[in-house]
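Chain by chain, the residues run as shown.
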Amino acid sequence: MQPFTTLKAVAVPLDEANLDTNQLSPTRFTRRARGPGYEIVLLHQWRFRPDGSENPDFIMNRPAYRPAQIIVGARNFGCGSSREMAVWALSACGFRALIAPSYGDLFYNNCFKNGVLPVVLPEAVCTDLRGQLHAKPGAEIAVDLPNQAVTGPDGKGHAFEVQAFPKHCLLNGLDDIGITLQHEQAIAAFETRYRAAKSWLF
Amino acid sequence: MPQPRTLFEKIWDDHVILVNEAGETLLYVGRALLHDSANHAFDQLRQEGRPVRRPGQLLASPDHYVPTLGRARGIANPEYRQQVEALEASSRAAGITHFGLLDPRQGILQVVAPEQGMSLPGLVICGGDSHTGTNGALGCLAFGIGTSEVAHVLATQTIWLRKPKSMRVRVEGRRGFGVAAKDVILALIAKVSAAGGVGHVVEYAGSVVRAMSMEERLTVCNMSIEFGARTGTVAPDETTFRYVEGRPFAPKGAQWEKALRDWRALPSDPDARFDREVALEGGEIAPMVTWGTNPETAVPITARVPDPAGEPDPGKRADMERALKYMALQPGTALAGLPIDRVFIGSCTNSRIEDLRAAADVAGRGKARVSAWVVPGSGLVKRQAEAEGLDRVFRAAGFEWREPSCSACTGSIDSIGPGERCASTINRNFEDRMGRGGRVHLVSPAMAAAAALAGALTDVRTLGENR
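Residues numbered from 1 in each chain as written. Chains lettered and ligands numbered in written order. Predicted model: local features only at pLDDT ≥ 70, side-chain atom pairs only at ≥ 80, totals over all residues. Heavy atoms only, no water.

Caption draft 1: Main features of the overall build of chain A. Summing up its helical and strand segments, chain A has 8 helices and 7 strands in all. Burial analysis of chain A (202 residues in total) assigns 58% to the buried set. Considering only contacts within chain A whose residues lie at least 6 apart along the sequence, 64% involve residues at least 24 apart. Accessible area for chain A stands at about 7,800 Å²; split by element, carbon and sulfur atoms hold 53% of it. (Helix = DSSP H or I, 4+ residues; strand = E, 2+ residues; numbered from the N terminus. Buried < 20%, exposed > 50% of the residue type's maximum accessible area, 1.4 Å probe, protein only. Contact = heavy atoms within 4.5 Å. Areas by Shrake-Rupley, 256 points an atom, 1.4 Å probe, with all protein chains shown as cover.)

The structure is reproduced here in structure tokens:
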């Protein structure tokens, strides 16, 4: 997994609340193997017209926002289906950080497993940041994970909370299964007790 | 005196292996459910050269990519066929119980796992489908997880979680005539909003929930994620035990007696504290229907399409305007009487035998005026329905009787057309959910059948009681 430390990059605002994972990764792409070309999946119905050509009106397709690696979204970003492909699609398009007032739980967890940092900031701050990005297309936001701070285009700083363990894994690009199996003795001992206590399961 | 605990805390405590220095809990997984998207996880394990740790605690069955007609001829679409075949091959290689395409036990995992006695009270259950929380109706902690987490469970039989908060939803009083479990959960989501449960494990309680059958509780828990909750649970009781007893994978003999003793200790202690409490008056709930593109837009069938002009928050107003445009609806339109193009009865929300009985009870009183599909949740539900003659009732009323699958609910193996308006018993009315440009109104099975007979959204209560 690619580690995440700090990032200063162009940010694109997405104003829609409850932007669900069906939009981020439409169902017809969920069988697609992850690999070259995966970037067409992200928000496909918004970024492309029915004939497959790019929709020039959609904000991500406007030249100033094209280099964006950060999305500033609205409440309940990534709600709905558990499909991890929503994060794969974001990642394939080069997005490394998200900023929103709240996220779908499953989506939030999936971000950390794929090297994408989902930052939570208050609704008013997110609305203000999106306003700045609309007013100044191509403006940059800085995200500093070690110090848990976001700096907006106006230079104003905003502290954010992130849980220590996912932060540690993201900073070091650590893979979950490997970490867990370091606890093999504890797992094996637990299993022995569990099988005795819940003998009706086995 | 030990600290009073909730049902959720008791199950959680039973599965804690360790808590790391960052406060994350390594939780043991009693059972895991694998559908035909688990192949991404099996691929990851193969690439990393890791074995499946506890195949005996896993259940696999394809449901998303399984055709609803002519399955004896196999799956025509090569992409879907490949996924279904890969799940079978991976399951077989690892020694995982697998119900394949032609097995009568095949079906939607959230229907199959309870039906087989695989979902049991007191367990932590994980699954790759976001509606795994359905199983919480049995008094277990059932979570939907992402693909990387499925790989983690396959390799370690554990999952890292931060302990969620707890929330109790009490539905007191009595449900009125024509009000289904689906209406109860839609009314709750409308009340608390689509993000109202984020970070919480919900326990559904109160006299209305206690009086519900197991299948009704499964419908309620199914939609916990639609208001953002991590999962939903119901305390196990005699209804639960009667449902579980005798099922193929349920404990037998002395083990059944031991299990019962364990399960009777699971309900929340009387003094247990919840982080949040929500109350709903059962008698005030009407048959519900959604007008927008999120389940929180559920309103009573007697309501009209709301006017964004009355919404003070500009962000919410923009969301409403976008939803109305997508749904091709004008503010002020009465929902009852709104013409529809299609009806879909099925999905992990509403495809069990009681759902089909409720729909058939209405369907038997007329003829469908629009295309109406009935997709049973499992091969065994289908068999039971046919033994009761429900298939004949549906067919005589002009409904299509199909084979078990997630079908058009995911808009993949089956779908509705662009601009088509569908009264649907599924759980998500998102844009493009049942097919690109399709317009979905969430309703109960009886309401869906009533809509089919009228060719329009209809208050099922106006049909009166049957017989």
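Let's pick the thread back up.
Caption draft 2: Layout of the interface of chain B and chain A. Counting from both sides, the interface comprises 70 residues of chain B and, opposite them, 57 residues of chain A. Buried surface at the junction of chain B and chain A, summed over both partners, amounts to about 5,200 Å²; 53% is from carbon and sulfur atoms. Linking chain B to chain A there are 5 salt bridges. When the shortest N-O distance is used, the salt bridge between Arg54 of chain B and Glu191 of chain A registers 2.7 Å. When contributions to the side of chain B that touches chain A are tallied by element, the ones reaching two or more residues are strand S1 (16–19), strand S2 (25–28), helix H2 (39–48), helix H3 (78–94), helix H5 (147–156), strand S8 (158–161), helix H10 (253–264) and helix H11 (314–327) of chain B. By residue class, the composition of the side of chain B that touches chain A is 23 nonpolar, 24 polar and 23 charged. (Buried area = accessible area lost by both parts, 1.4 Å probe. Salt bridge = Lys/Arg side-chain N within 4 Å of Asp/Glu carboxyl O. Nonpolar A, V, L, I, M, F, W, Y, C, P; charged D, E, K, R; others polar.)

Caption draft 3: Inspection of the pairing of strand S7 (residues 141–144) of chain B at higher detail. Residues and elements named next belong to chain B. With burial as the criterion, each face of S7 is covered, one bearing Leu141 and Phe143 and the other bearing Ala142 and Gly144. Of the strand pairs in this sheet, strand S6 (residues 124–127) and S7 are connected by 4 bridges, and their pairing is parallel. Bridging from a neighbouring strand, Val124 pairs with Leu141 of S7. (Pairing = 2+ DSSP bridges.)

Caption draft 4: Expanded view of the nonpolar core. With 110 residues, the main nonpolar core has Leu34, Leu154, Leu188, Tyr204, Phe227 and Trp263 of chain B as its most contacted residues. Examining the composition of this core, we find that 8 residues originate from one element, helix H6 (residues 181–192) of chain B, more than from any other. Two domains each provide a minimum of three residues to this core, namely domain 1 (7–277) and domain 2 (288–463) of chain B. Once residues within four sequence positions are removed from consideration, Leu154 of chain B is found in contact with Leu34, Ala41, Phe42, Leu45, Pro51, Val52, Arg53 and Leu58 of chain B. Judged by nonpolar contacts, the second largest core, of 56 residues, contains Leu98, Tyr108, Leu129 and Leu170 of chain A. (Core = buried A, V, L, I, M, F, W, Y, C linked by side-chain atoms within 4.5 Å. Domains from an automatic or database assignment.)

Caption draft 5: Geometry of unusual backbone geometry. Unlike most non-glycine residues, Gln148 of chain A shows phi in positive territory, near 50 degrees. One can find Gln148 of chain A in the loop between strand S5 (140–144) and strand S6 (149–151). The exposure class of Gln148 of chain A is buried, given its relative accessible area of 17%. Of note in the backbone geometry, Ser193 of chain B takes a positive phi value of approximately 85 degrees without being a glycine. Structurally, the position occupied by Ser193 of chain B is in the loop between H6 and strand S10 (200–205). A relative accessible area of 25% places Ser193 of chain B in the partly exposed class.

Caption draft 6: Broad picture of the sheet that holds strand S5 (residues 97–98) of chain B. All names here are of chain B. Pairing in this open sheet of 5 strands is parallel, and the strands run S5-S4-S3-S6-S7 from one edge to the other. Strands at the two margins of the open sheet, each flanked by one partner only, are S5 and S7. Pairing of strand S3 (residues 31–34) with S6, which is carried by 3 bridges, proceeds in the parallel orientation. Bridge pairing in S6 places Ala32 opposite Cys126.

Caption draft 7: Quick look at the pairing of S1 of chain B. Summarising the sheet, S1 of chain B and S2 of chain B pair through 3 bridges and their orientation is antiparallel. The residue of S2 of chain B that forms the bridge with Val16 of chain B is Leu27 of chain B.

Caption draft 8: Expanded view of the pattern of salt bridges. Scanning the entire structure with this criterion turns up 33 salt bridges over all chains. Close ionic contact of Arg75 of chain A with Glu296 of chain B constitutes a salt bridge, the shortest N to O distance being 4.0 Å. Of this pair, Arg75 of chain A sits in the loop between strand S2 (70–72) and helix H3 (85–92) while Glu296 of chain B sits in the loop between strand S13 (288–290) and strand S14 (298–300), which puts the two residues in different chains. The buried category is assigned to Arg75 of chain A, whose relative accessible area is 15%. Residue Glu296 of chain B is classed as partly exposed on the basis of its relative accessible area, which comes to 22%. Arg264 of chain B serves as the salt-bridge partner of Glu238 of chain B, at 2.5 Å between the closest nitrogen and oxygen. Of this pair, Glu238 of chain B sits in helix H9 (residues 238–244) while Arg264 of chain B sits in helix H10, and the two are 26 residues apart along the sequence. Exposure remark for Arg264 of chain B: the relative accessible area of 46% places this residue in the partly exposed category. It is possible to trace a salt-bridge network through shared partners that takes in Glu184 and Glu191 of chain A together with Arg53 and Arg54 of chain B.

Caption draft 9: Summary view of H5 of chain B. Residues and elements named next belong to chain B. The buried fraction of H5 amounts to 10 of the 10 residues, a majority that puts the element mostly inside the structure. Taken together, the buried positions of H5 are occupied by Thr147, Ser148, Glu149, Val150, Ala151, His152, Val153, Leu154, Ala155 and Thr156. Remark: Gln157 follows H5 within two positions and exhibits a positive phi of approximately 60 degrees.

Caption draft 10: Molecular detail of empty space enclosed by the protein. Tallied over the full model, the rule gives 3 cavities of 30 Å³ or more. Computed from the structure, the largest cavity encloses a volume of approximately 410 Å³. Around the largest cavity, the lining comprises 34 residues; the ones closest to its centre are Ser81 of chain A together with His35, Ser37, His64 and Asp129 of chain B. For the lining of the largest cavity, the secondary-structure elements that each account for two or more residues are S3 and H5 of chain B. In terms of residue class, the lining of the largest cavity is built from 12 nonpolar, 16 polar and 6 charged. Mapped onto the domain boundaries, the lining of the largest cavity takes at least three residues apiece from domain 1 (7–277) and domain 2 (288–463) of chain B. One number sums up the size of the second largest cavity: a volume of about 170 Å³. Cys79, Gly80 and Gly104 of chain A together with Ile225 and Gly228 of chain B are, among the 18 residues lining the second largest cavity, the residues nearest its centre. (1 Å grid on protein atoms, 1.4 Å probe; cavity = no way out; pocket = protein on both sides within 12 Å on 5 of 7 lines; lining within 4 Å. Points joined across faces, edges and corners; volume = space filled by probe spheres on them.)

Caption draft 11: A look at the state of the cysteines. For the coordinates displayed, the defined rule picks out 0 disulfides over all chains. Here Cys126 of chain A stays unpaired: no disulfide links it, and the sulfur of Cys111 of chain A, its closest cysteine neighbor, is 14 Å away. Residue Cys409 of chain B stays outside any disulfide, its sulfur separated by 6.1 Å from that of Cys348 of chain B, the closest cysteine. Accessibility expressed as a relative area gives 4% for Cys409 of chain B, which makes it buried. (Disulfide = S-S within 2.5 Å.)

Caption draft 12: Structural view of the domain arrangement of chain B. Residues and elements named next belong to chain B. Under the domain assignment, chain B is made up of domain 1 (7–277) and domain 2 (288–463). For domain 1 and domain 2, the distance between their C-alpha centroids amounts to 24 Å. Counting residues at the interface gives 43 residues for domain 1 and 44 residues for domain 2. When the buried area of domain 1 at its contact with domain 2 is split by residue, Thr68, Ile108 and Glu215 rank highest and sum to 19% of it. In this assembly, domain 1 and domain 2 are joined by 2 salt bridges. Close ionic contact of Glu403 with Arg71 constitutes a salt bridge, the shortest N to O distance being 3.8 Å. Here domain 1 and domain 2 share 31 residue pairs in polar contact (both at pLDDT 80 or more) between them. For the side of domain 1 that touches domain 2, the secondary-structure elements that each account for two or more residues are helix H4 (109–115), H6 and helix H8 (214–222). Tallying contributions element by element places H6 first for the side of domain 1 that touches domain 2, with 6 residues. The residue makeup of the side of domain 1 that touches domain 2, split by class, is 19 nonpolar, 15 polar and 9 charged. (Polar contact = N/O pair within 3.5 Å; in protein donor to acceptor, adjacent residues only side chain to side chain.)

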